[in-house]
Amino acid sequence: ADQLKQMIDNTKLYTSYPLFIAIDGEGSDTDAVAAAGLGTKVDTPQSIGATGDTNNAYLAGTTVGTYLAELGFNLDFAPSADLSVVDGNAAGSSSYGSEADNVASFVGYMQAGLQEQKVTACIGQFPGIGSSTQSTKDGMASTDRSAEDFRANEFAVFQSCIDSGETKMITVSNMAAPSLTGDNTPCSFSSAVVTDILRNELNFRGVIVSGAMNQAAITNYYGADEAAVLALRAGCDMIYAPENFETAYNGVLEAVQNGTISEERVNDSLRRIYRIKYADKIEQ
């Protein structure tokens, strides 16, 4: 634990800007920190949801937030706002359940526990992966969920979190949702999903993060530079885990220089990001 904290502290010295020191973990066995014995393990969201007591989600968030903050982390790609729609779905044990109202409550309480410990929560994975049994880690994944079903169910979870004013970051899935996009484009690359629906229809004003760009659903079909540019053009503010950072960085730089992406578009994202990074230092 001391070595990890020292490594994180050293990383922060590389820049004068505040950094997001992030992890993808909910405190159960899939959490690298908890699995390594560096944090107190908590039950899976599936198990917590089954208790019917939202306070258990809050306690889990507090527990995870406490040990992450002590180690130096300030961003957690959790909790999952996915609904468990079909058996063997891609959300698995990360989903709190199948009913939108219930899941929204559990997500809100877990998020509150994390954020009270100064660890920003990033909920996901929009528009919801619980209607697909395919994993974007293995290759192209798609869902046959109708737009009407998405709006009546999954969107209601995200809308509840957005309307609470407490959700600061949302990650988008790399799954394809043809009923929303019209084709097999990964949702991270779809302006219909990212901008038209999440930003405008659901009125989310926080930071939108792409799905992990090192997943096979992306790397099998796109270069790291192409993927980063497509995600930004769709409306994402941050690129999560590019396959090759330098390639992605240079791709974005070139896209801005040749006008494919406008500087104002980048500045919009920076403003949203800095509202979180400098939340204690600037007026909202």
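Note: the structure precedes this text.
Here's what I pulled together on the structure shown here. (Residues numbered from 1 in each chain as written. Predicted model: local features only at pLDDT ≥ 70, side-chain atom pairs only at ≥ 80, totals over all residues. Heavy atoms only, no water.)

### Some words on the overall build of the protein
Working step 1: When you go through the protein residue by residue, the secondary structure sums to 13 helices and six strands.
Working step 2: For the protein, whose C-alpha radius of gyration is 18 Å, the value lies close to the compact-globule estimate of 19 Å for 284 residues.
Working step 3: Going through the 284 residues of the protein one by one, you find that 46% of them count as buried.
Working step 4: Put simply, 72% of the contacts in the protein that link residues at least 6 apart link residues at least 24 apart.
Working step 5: Accessible surface for the protein amounts to roughly 13200 Å². Of this, 46% is attributable to carbon and sulfur atoms. (Helix = DSSP H or I, 4+ residues; strand = E, 2+ residues; numbered from the N terminus. Rg over C-alpha atoms; globule rule 2.2 N^0.38 Å. Buried < 20%, exposed > 50% of the residue type's maximum accessible area, 1.4 Å probe, protein only. Contact = heavy atoms within 4.5 Å. Areas by Shrake-Rupley, 256 points an atom, 1.4 Å probe, with all protein chains shown as cover.)

### Things to note about a nonpolar patch on the surface
Working step 1: Judged by side-chain polarity, F245, Y249 and L253 come together as a nonpolar surface patch covering roughly 350 Å² of accessible area.
Working step 2: Secondary-structure assignment places F245 in helix 12 (residues 245-257). (Patch = residues over 30% accessible without salt bridge, like charges linked within 9 Å, V, L, I, M, F, W, Y side chains within 5 Å. Salt bridge = Lys/Arg side-chain N within 4 Å of Asp/Glu carboxyl O.)

### Thoughts on the sheet that holds strand 4 (residues 169-172)
Working step 1: If you trace the six strands from one edge of the open sheet to the other, you get 1-2-3-4-5-6, paired in parallel fashion. Sheet topology places strand 1 (22-23) and strand 6 (238-240) at the edges, where each strand pairs with a single neighbour.
Working step 2: Bridging between strand 2 (residues 75-76) and strand 3 (residues 120-126) involves two bridges; their strand directions are parallel. For D76, the partnering residue across the bridge sits in strand 3 and is A121. (Pairing = 2+ DSSP bridges.)

### What to know about the pairing of strand 3
Along any regular strand the residues' side chains alternate between the sheet's two faces.
Working step 1: Across the seven residues of strand 3, six count as buried, placing the element largely inside the fold.
Working step 2: Since strand 2 and strand 3 lie parallel, the crossover through helix 5 (residues 100-116) that links them has a hand, and here it is right-handed.
Working step 3: Bridging between strand 3 and strand 4 involves three bridges; their strand directions are parallel. The partner of F126 across the bridge, within strand 4, is V172. (Right-handed = clockwise from strand over helix to strand, strands pointing away.)

### Details of the state of the cysteines
Note: disulfide means a covalent bond formed between the sulfur atoms of two cysteine side chains.
Working step 1: For the coordinates displayed, the defined rule picks out zero disulfides.
Working step 2: Cysteine C161 shares no disulfide, and the gap to the nearest cysteine sulfur, in C122, comes to 12 Å.
Working step 3: Residue C161 is classed as buried on the basis of its relative accessible area, which comes to 3%.
Working step 4: Of all cysteine sulfurs, the one in C187 lies closest to C236, which takes part in no disulfide; the gap is 10 Å.
Working step 5: By relative accessible area, C236 is classed as buried at 0%. (Disulfide = S-S within 2.5 Å.)

### Description of the pairing of strand 4
Working step 1: Of the two faces of strand 4, the one holding M169 and T171 and the one holding I170 and V172 are both buried throughout.
Working step 2: Strand direction decides the pairing type here: strand 4 and strand 5 (residues 207-212), joined by three bridges, are parallel. Paired with I170 across the two strands is I208, which belongs to strand 5.

### A look at unusual backbone geometry
Working step 1: With an omega of -5°, the peptide bond between G124 and Q125 qualifies as cis.
Working step 2: Following the sequence through the fold, Q125 ends up in strand 3.
Working step 3: Of note in the backbone geometry, A241 takes a positive phi value of approximately 50° without being a glycine.
Working step 4: Considering the arrangement of structural elements, one finds A241 in the loop between strand 6 and helix 12.

### Some remarks on the environment of D87
Working step 1: Relative to the helices and strands, D87 resides in the loop between strand 2 and helix 5.
Working step 2: When the C-alpha positions of D87 and D268 are compared, they lie 40 Å apart, and in sequence the two are 181 residues distant.

### Focus on the pattern of salt bridges
Side chains bearing opposite charge may pair, as long as their charged atoms lie close to each other.
Working step 1: Enumeration over the complete set of coordinates arrives at eight salt bridges.
Working step 2: Between R145 and D149 there is a salt bridge; the shortest N-O distance is 3.9 Å.
Working step 3: For D149, a relative accessible area of 34% puts it in the partly exposed group.
Working step 4: Here D268 ties to R271 by a salt bridge, and the two come within 2.7 Å at their closest N and O atoms. One end of the pair is D268 and the other is R271, both in helix 13 (residues 263-277) and three residues apart, which spans about a single turn.
Working step 5: On the basis of relative accessible area, R271 is assigned to the partly exposed category, the value being 42%.
Working step 6: Put simply, R145, D149 and E154 are held in one network by salt bridges that share partners.

### Here we look at helix 5
Working step 1: In a regular helix each residue adds 1.5 Å, so 17 residues correspond to 24 Å; helix 5 covers 24 Å between its end C-alpha atoms and thus fits that length.
Working step 2: Taken together, the buried positions of helix 5 are A100, V103, A104, F106, V107, M110, Q111, G113, L114 and Q115.
Working step 3: Looking at the residues trailing helix 5, positive phi occurs at K118, about 70°. (Expected span 1.5 Å × (residues − 1).)

### Considerations on the packing of aromatic side chains
Working step 1: The final tally for this structure, using the stated rule, is nine aromatic pairs.
Working step 2: On the numbers, 6.0 Å between centres and 25° between planes, the contact of F150 with F155 is stacked. By the burial criterion, F150 is buried, and F155 matches it.
Working step 3: Ring pairing ties together the aromatic residues F126, F150, F155 and F158, which thus form one cluster.
Working step 4: Geometry around F20 places K277 over its ring, the cationic atom sitting 4.9 Å from the centre. (Phe/Tyr/Trp six-rings, centres within 6.5 Å; stacked < 30°, edge-to-face > 60°. Lys NZ or Arg CZ within 6 Å of the ring centre and 35° of its normal.)

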